[in-house]
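Structural overview for review
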Amino acid sequence: MEEILSVGIDIGTSTTQVVFARFTLDNTAGYFSAPHVTICDKKIVYKSQAVFTPLKTASLIDGAAVRAIVDKEYAKAQIQPTEVQTGAVIITGESARKENAAEVLRQLSEFAGEFVVSTAGPDLESVIAGKGSGAWQYSMRNECLTVNLDVGGGTTNLAAFEDGETISVGCYDIGGRLVRLDKDGTISYSSEAARLAADTVGVSLSVGRRVSAAELERVTDKMAALLAQSVGLLPEEPLLRRVKTAGSSDFQTIRKPSRFFFSGGVAACMENEETNPLAFGDIGVLLGQSIKKTFSALSAPFQPGGETLRATVVGAGSYTTSLSGSTIFYTEGVFPLKNLPVCKLTAEEETDCFEGRTEKLGQRVRRFLQQNQTSELALFLEGKSDPTYKELQNLANAAAAVLEQEVPVPKPLLVSVRRDMAKALGLAMHRCLPDRKLAVIDSVQVGQNDYIDVGRPLMEGLVVPVIVKTLLFG
Amino acid sequence: MTLFTVLSGKTFTFSSIKDVLAKASEKKSGDILAGIAAASDLERVAAKVVLSRLTVRDLRENPVVPYEDDEVTRLNQDSLDMTVYQEISGWSIAQVREYILDYKTTEADIKRLGRGLTAETVAGVCKLMSNLDLIYAANKVRVMATCNTTIGRRGTLATRLQPNHSTDSVEGITASLFEGLSYGSGDALLGLNPVNDTVSSLTEVLKRFDEIKNRFEIPTQICVLGHITTQIEAVKRGAPTDLIFQSIAGSQKGNTAFGFSTDTVREALSLLKEKGTGKGENVLYFETGQGSELSSDAHYGADQVTMEARCYAFAREFHPFMVNTVVGFIGPEYLYDSKQVIRAGLEDHFMGKLSGVPMGCDCCYTNHMLADQNDIENLSLLLASAGVNYILGVPAGDDIMLNYQTNAYHDAAALREVLGLHPIWEFEKWLEKMGIMENGRLTAKAGDPTIFTQRR
Amino acid sequence: MLDEATIARIAEEVIRELTKYGVPAAEHTKQETGEDIDSPESKRETLLTNPQDGEALQKMKRATTARIGVGRCGPRLNTRTMLTLRADHAKARDAVFADVTPNFLEELGLFTVQTCCGDKNTYVTRPDLGRKLCPEAVETLEQKCRKRPDVQIFAADGLSSTAVEANLSRILPVLTDSLTDKGLTVGTPFYVRFGRVGVEDHVAEILGAKVVCVLLGERPGLATAESMSAYLVYNAHVGMPESKRTVVSNIHKNGLAAVEAGAYIADVIGKMLAQKASGVDLKKG
C-alpha cells in the first residue's frame, strides 16, 4: 500500500477553488498472479472556500492574485508543493477563453508541485464535473442513465452517464455571470449568448442600461428552457445551437434520463433560499430559481449533486489521474513526461507493423510531427491480446526503427499500448535501441488529439500515473 | 483385542488398530498413495472382519494420533459422554452397526449413541456399512442448527449459493447471485470463495451480500470464505457477516498447515457473539474433505476416512451452523473416480451425522478425475434421499473461479420435486412472496435473474 | 393464395408461439447451419426467454463468464446449455489426458525426457513419481544440458498439454531473450513428460542451476484449458518447503498474455538472483 497526494485547482469564470485528495494504491493481485496495482481509495483531505476569481479587467484574469490565492490554500492545508505527486489545474468556462489563461495556467502548473498538469476543454470539464458531483457514481450504483448539469458562471457543462460509462458530453454558454450588474441594477457586462437569449423574450441587455429583476427573470426562464431542450425535455428551438460553446461536442441522450444532477455555483443557488435575487450582482440566483421551476414543471426527477459548488474542483483532484498497467517498461530517469501529443495508429498501420512492414508507420509519424510542429510524441496503439513472438519482434523492430529515425536524440520515446503487452514490447525495443530514453506503458485509453502526461513511477516502480487530456492551447 | 483372522482358509494379521482401520477402508487412491491400503480385496474384507469384532473401547483407547501430540484427539476424548460410553464400551463394532440399523433404534437413540463415540469408532462403523446402509442409517437422523434460519429439518433440502467470480468483481458476483436466487437457491447460505484473501476484498463482498439480504428481506445467512484470520480482521473492522468459515483437518498438524488453531476458532466465536449479524446460536461454517491430511503430511499413517471422521469430532465441539465435505475437489490422487467419490460422499455424510454435526455436501469433481456431471447428479440424489442438509449451487454447475464442477442451481429444484422436499421454511415463504415458487415448484418467473435488478 | 404480409405474420406468430414454450427462434436456424454451440458468440447468447429486463441481463452477462441467463426446461437445463457443458468438459479432459505432439516440441528445438511415471494413469494418481525424473532422463540431462547455468528453464505437461501447445512458443523465446539481455546464462531448455511442479527440484539438483523455472499446464477449468503457470525457485533442492516457490499463474490469451508473462518472469528471476531468495522469502521491490 502506498499513498499519494493529488491536487485539484479550478479557476472558473466566477470562483477559484483548491482541493487536496489522498489516493491509496494497492497491489490487488493474488499471490500467484502478476501484479495489478489499482487506486483502491480516494479521500478528499482539504477543500478550500470558493473565492471570486480575481480579474484585472472584465476579460483579464489577475494571474498574480490567483497565484496568491493558491499559495494561501497550500499553507492552510499545510501541504508543500513538493509533496503533491499528481493532479490537475483546470481553467473552466469563460475563463478558459481569456487571452491570458494559458499564461496563468503555466505559472500555476510550475508552482503546484512537479507533476501537476494543466488541462482544459469543455468536454473534459463536463466529465470531471459529473464525476465530482456524484452523477457518475449514481449511474453506476443504480444501473441507470443520469445527466449532470454543471451550471457555472459562464457555461453549463453536460455529461450523461449510463451504468458508470460516459455516453455523451456537451457545453452551452449558459451561466450565472453572463450578466453582471452594478449595485443600482445597471448592467455592467453581458455576454453575447445572454443577449441572444434576451432578444427572444424582448429584453435588452445593453451595458449601461438599468434592468429590473422581473425582466431578468424572463431571460433566465429562457435559459432554463434552453437547458431543458438540451436534455430532451422540451422540443429544441434553433437558438439552442447558437448558444452551444465553441469547441464542445453535441450533447445527445437517446432515452429519458432517470435522474438529473445539478452542480456548479448556480446549483448552489438552487438550494439556498436567497431572498435578494440580485445578491451577487449577477443572474445566478434567478437562473437557479428558473431551473428549479422549469424542471419541476416538467416533472423531471432532479437533485443537487453531493458536491455542487465544488463538483469540478473535486473532479479535477480525484478523477483525472489513472494508473498504467502494472507490467511496463522504462529506462532510468525517463519520467516525468509532459504534454506529449498522442499519435494514434489506425488498425491498418498496426497490422503492417505486426507483419514487419514499416513504411506506413514512418509516413504517419513524419506527417504527425510536421502537422503538430513538434519533435516528440506518444505513439499509441491497440496491440494484441495474445501476440506471437514473431509479431512482437516485428512490432518492436518497426517502432524502434521509425522512432529512432524521426524523433531526435535526446528526446525520450513513449509508446502506449492498450493491451497488456508493454513490458515485452519495451524489452524488445530496448534491445534495438539500448541507448535511447524509452518508456512503454499499457492499459491506457486515449483519443486522437489527446495529450498525455506520465508521472514518476509509484509502488516500487510497478506503475506510473497517467493523465490524458485535451489542451486548448496546444 | 484380536488383530488377526482366518478368512477363506487364509490367515490375515494386522499390525495395529490403525492398520486394521486403513485396510478395512473401501479402496481409495489416497490410501494407496499413502501406502496403507489393503493389498487385495480379500485382505480388505479380512480387515473388516477383524474390525467388526473389535470393541468400542478398543477403538477409543487407540486413537490414530496420540493424545499427547494432538489437540483434536484431546478435544474428542475429553468431551466424550462417559455415561453413554460406559454403556456401550463393550459392544463390538458389528453390534454398533446393527444397533444403528435396527428398527427399534430411534433417531434420539442414534444421537445419544453418537455422543459416546470417538472419531475412530465412527469411522470403524462406517467401514462396515454398504452404500445403502450409509444412506439408510443417515436418513434416520436429522441434525438441525440455527442461525438466522434453521437448517436440517426433516423434509427440507437447502443449498449454499456459491456465486464465485474469477476476479471477485462485485457486479459479476451479484449477477450470479441473482441467477441463483431466481432458481430458489441460497437458503443455507449465500457464500463466496474469494480469489483475493484480503480484508478489503472480503468486506466489499460482505457489504454487498448484506445489502442484498436486507433489501430483499431474504431469510438466509451470508459469509465470504476467506481464511479465518482475514474474516476475523474484517469483522473487527465492521464487515457484516452471519458466519465465519474455515477449512479443517483431522489433526492439529493439519490445522496448523491451514494456519489456525482451536484458539483461533474460539476467537471467531466470541467475536461473532459480539459483532456478527447472525441471530442464532450456530455461527460457524467448516469444510472438510478426505485426503487433505495426507496432502499436508498430517495423517500420521492413518487412512483418509478415519482422518475425516476426526474432522467431525473437532467440528462438533464448536456447534457450527453448517459443515460440508468438498468431496471431489482434491483430485484423483486421493479419490480416483466417480465410484470412490460417491462412496466418500456417502461416508462423510453418515459420519458427520453420527458425530452430531449439521452435514451438507459439495458434490463435486475436477477435470482430472474420472468423473463427470452424471456422477455428481447421482451422488446428490443419493444424499438428498439420505437427508443431507444442503448441497451447493453454481450457475449451470460450472464454477469459474475454483475451476471445478458441482451441482447446478437447477439441481436442487429438481431434487426437491423428485423427493418431495422443500427449501428451508422461511426461505420458501420468501420465494413464494417473490413469485419464484408455488406449491413446491418453480413458477414461470423462476430462472430470471433480472427480477432482482432495480433500475431506477 | 396468401400474400407476403400474411405469410410474414404467420411466421411471426409461429415464432412467438415457439418462444412461449422456451425454444428461442435462433435454435431453429442453428439446426440448419450446423452452428458451433461452443463458439464464444454462441455462448454470449441468452437462452432465457422473455426476461423482465433484457438490457439488465445483457449487462449481467458481461459482468461474469459464469453461465447465467441460461433459462430452463422444467427444473432442468436447456439442451444446448447441457451439451455446451459436456463439450467444455470433454475439452478439459482431453487437455489432461492427451500428450503434447512431438512435432510441436521439435519445432521449438526441445528434446523430451520422462519422469518415473510410465503412463497418464500413474501420473494422475502418483504425484510422488511425477516429481522424480527416471534414471534415463537423468542421464540425458547430464549429457545434453549446460551445467550450472544462472537460470534453467524447462516445460512440462502438468495437467494440460493444451496449455503447453497454446503458450510455449510465445513465452519461451521472450523469456530467454530477456534473461540473456540481463547478462544471465540460460541453460539448455527441454520438455518433461508426466511432470509435476516438484520435478523442478530434481532438475535443479542435477544441473546445478541457481534459479529453476518450470512452465507447465494448469488443471483445466471449463472456461479454458489453455492456462499455464510458471513456478520459480532459487537454489531448489528435493525436499525443500513449498513456500520457497514463486508462482506466476493464469498465463493464457484471456489472462496474462504469454509474451508479457515471459518479460515479467525475467524480471522476477532478476530479483530472485539479486536477493538470493524466492517464494515467501522474496521481498517486493
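The paragraphs below set out a description of the structure included in this document. Only a predicted model underlies this, so the values are computations on that prediction, with no experimental measurement involved.

Calculation rules
- For every chain, the first residue of its written sequence is number 1, and the numbers climb from 1 along that sequence.
- Chains carry letters and ligands carry numbers; both start at the beginning, A for chains and 1 for ligands, and go up in the order they are written.
- Whole-chain, interface and lining totals are the exception, using all residues; otherwise, since this is a predicted model, local features are given only for residues with pLDDT of at least 70 and side-chain atom pairs are given and counted only at 80 or more.
- As a rule here, side-chain values come from all non-hydrogen atoms in the structure, and water together with hydrogens is ignored.
- We count a stretch as a helix when DSSP gives it H or I for four or more residues in a row; a strand needs E for two or more, and each element gets its number in order from the N terminus.
- It is over C-alpha atoms that the radius of gyration is taken, and the globule rule equals 2.2 Å times the number of residues to the power 0.38.
- When a residue's accessible area, from a 1.4 Å probe over protein chains only, is under 20% of the maximum for its type it is buried; when over 50% it is exposed; and in between it is partly exposed.
- With residues, only the protein chains shown are counted as cover, and all accessible areas are computed by Shrake-Rupley using a 1.4 Å probe.
- By the counting rule applied here, Lys and Arg register as positive and Asp and Glu as negative, while His and the ends of each chain are not counted.
- A charge is said to be at NZ when it belongs to Lys, at CZ for Arg, at CG for Asp and at CD for Glu.
- Residues are treated as being in contact if the distance between any of their heavy atoms lies within 4.5 Å.
- We define a salt bridge as a contact between a side-chain nitrogen of Lys or Arg and a carboxyl oxygen of Asp or Glu at a distance within 4 Å.
- Here a polar contact is recorded for every N or O atom pair within 3.5 Å, except that within protein the pair must consist of a potential hydrogen donor and a potential acceptor, and residues adjacent in sequence are included only if both atoms are side-chain atoms.
- Just so you know the grouping, Ala, Val, Leu, Ile, Met, Phe, Trp, Tyr, Cys and Pro go in nonpolar, Asp, Glu, Lys and Arg go in charged, and all remaining residues, Gly too, go in polar.
- Within the patch definition used here, like charges are joined within 9 Å and nonpolar side chains (Val, Leu, Ile, Met, Phe, Trp, Tyr) within 5 Å, considering only residues with over 30% relative accessible area and no salt bridge.
- Only buried residues count toward a nonpolar core. Its members are Ala, Val, Leu, Ile, Met, Phe, Trp, Tyr and Cys residues joined through side-chain atoms within 4.5 Å.
- Where each domain starts and ends follows an automatic or database-derived domain assignment.
- Strand pairing is defined by DSSP finding a minimum of two bridges between the two strands.
- Interaxial angle, 0 to 180 degrees, is taken between N-to-C directions of lines fitted to C-alpha atoms, where a helix line uses only the stretch in contact.

1. Considering the overall build of chain A
- Helix and strand counts for chain A stand at 14 helices and 23 strands.
- The C-alpha radius of gyration computed for chain A amounts to 24 Å, which stays within 12% of the reference 23 Å derived for 474 residues, consistent with globular compactness.
- Of all 474 residues assigned to chain A, the portion counted as buried reaches 59%.
- Accessible surface computed for chain A: about 18700 Å², of which carbon and sulfur atoms make up 48%.
- Side-chain charges of chain A comprise 48 positive and 56 negative groups, with the mean position of each set lying 2 Å from the other.

2. Considering the interface of chain B and chain C
- Residue-level contacts link 49 residues of chain B with 42 residues of chain C.
- Joining chain B to chain C, the criterion identifies five salt bridges.
- Across the pair B:Asp372 and C:Arg86 runs a salt bridge, and its minimum N-O distance is 3.7 Å.
- For the pair chain B and chain C, the interface holds 18 residue pairs in polar contact (both at pLDDT 80 or more).
- Those elements that provide at least two residues to the side of chain B that touches chain C are α11 (170-182), α19 (373-385), β14 (404-405) and α20 (409-419) of chain B.
- When residues in the side of chain B that touches chain C are grouped by element, the largest group, six residues, is from α11(B).
- When the residues that make up the side of chain B that touches chain C are grouped by side-chain class, the tally is 23 nonpolar, 15 polar and eleven charged.

3. A look at unusual backbone geometry
- A:Pro336 follows A:Phe335 through a cis peptide bond whose omega is 5°.
- Considering the arrangement of structural elements, one finds A:Pro336 in the loop between β17 (329-330) and β18 (337-344).
- Of the consecutive residues A:Val409 and A:Pro410, the connecting peptide bond is found in the cis state with omega at 5°.
- Here A:Pro410 is to be found in the loop between α13 (389-406) and β20 (413-417).
- We note that A:Ser299 has phi near 55°; this positive angle belongs to a residue other than glycine.
- Structurally, the position occupied by A:Ser299 is in the loop between α9 (284-297) and β15 (302-304).
- The phi dihedral of B:Asn403 falls on the positive side, at around 55°, and the residue is not glycine.
- You can see B:Asn403 is positioned in the loop between β13 (398-399) and β14.
- The exposure class of B:Asn403 is partly exposed, given its relative accessible area of 22%.

4. Let's talk about the pattern of salt bridges
- With the rule as written, the count across this model stands at 71 salt bridges over all chains.
- Between A:Arg436 and A:Glu404 there is a salt bridge whose closest N-O contact spans 2.9 Å. With A:Arg436 in the loop between α14 (422-432) and β21 (438-442) and A:Glu404 in helix α13, this residue pair connects regions lying 32 residues apart in the sequence.
- You can call A:Arg436 buried: its relative accessible area is 7%.
- Between A:Arg431 and C:Asp177 there is a salt bridge whose closest N-O contact spans 3.5 Å. Here A:Arg431, found in helix α14, pairs with C:Asp177, found in helix α10 (residues 161-181), and the two come from separate chains.
- Among the residues examined, A:Arg431 registers a relative accessible area of 30% and is labelled partly exposed.
- Salt bridges here are not isolated pairs; linked through shared partners, they connect B:Asp398, C:Asp38, C:Lys43, C:Arg67, C:Asp88 and C:Lys91.

5. A look at a nonpolar patch on the surface
- On the surface, A:Tyr31, A:Phe32 and C:Val280 cluster together into a nonpolar patch covering about 340 Å² of accessible area.
- Position of A:Tyr31 relative to the elements: it lies in the loop between β2 (15-27) and β3 (37-47).

6. A look at the nonpolar core
- Membership of the largest hydrophobic core comes to 161 residues, with the highest contact counts inside it found for B:Ile100, B:Leu181 and B:Phe350.
- Split by domain, the residues of this core number at least three in each of domain 1 (4-139) and domain 2 (145-453) of chain B.
- Sequence-distant contacts of B:Leu181, defined by excluding residues within four places in its chain, comprise B:Leu161, B:Leu190, B:Ile218, B:Phe427, B:Trp430, B:Leu431, B:Ile436 and B:Phe452.
- Core analysis: the second largest hydrophobic core is formed by 54 residues, A:Leu369, A:Leu379, A:Ala398 and A:Leu433 among them.

7. Side note on the pairing of strand β10 (residues 156-162) of chain A
All names here are of chain A.
- With six of seven residues buried, β10 lies mostly within the body of the structure.
- Relative to β10, strand β9 (residues 145-151) runs antiparallel, the two sharing seven bridges. Bridging across to β10, Asp150 finds its partner in Asn157.
- Here β9 folds back onto β10 in antiparallel fashion, the turn holding four residues.
- Here β10 pairs with strand β11 (residues 165-172) via seven bridges, running antiparallel. Note on β11: the bridge partner recorded for Leu158 is Gly170.
- Linking two consecutive strands that pair antiparallel, namely β10 and β11, is a turn of two residues; a positive phi of about 50° is found at Asp163 within it.

8. Some details on the sheet that holds strand β7 (residues 222-224) of chain B
All names here are of chain B.
- Read across the open sheet, the four strands follow the order β7-β6-β5-β12; overall the sheet is parallel. Edge strands, defined here as strands with exactly one partner in the open sheet, are β7 and β12 (390-393). The sheet shows a mean angle of 25° between the axes of neighbouring strands, direction not considered.
- Pairing geometry for strand β5 (residues 158-161) and β12, over four bridges, is parallel. Within β12, the residue paired with Thr159 across the bridge is Ile391.
- Sitting on the sheet, α20 is in contact with β5 and β12, with an inclination near 175° to β5.

Spatial relationships are all this shows, so hold off on functional conclusions.
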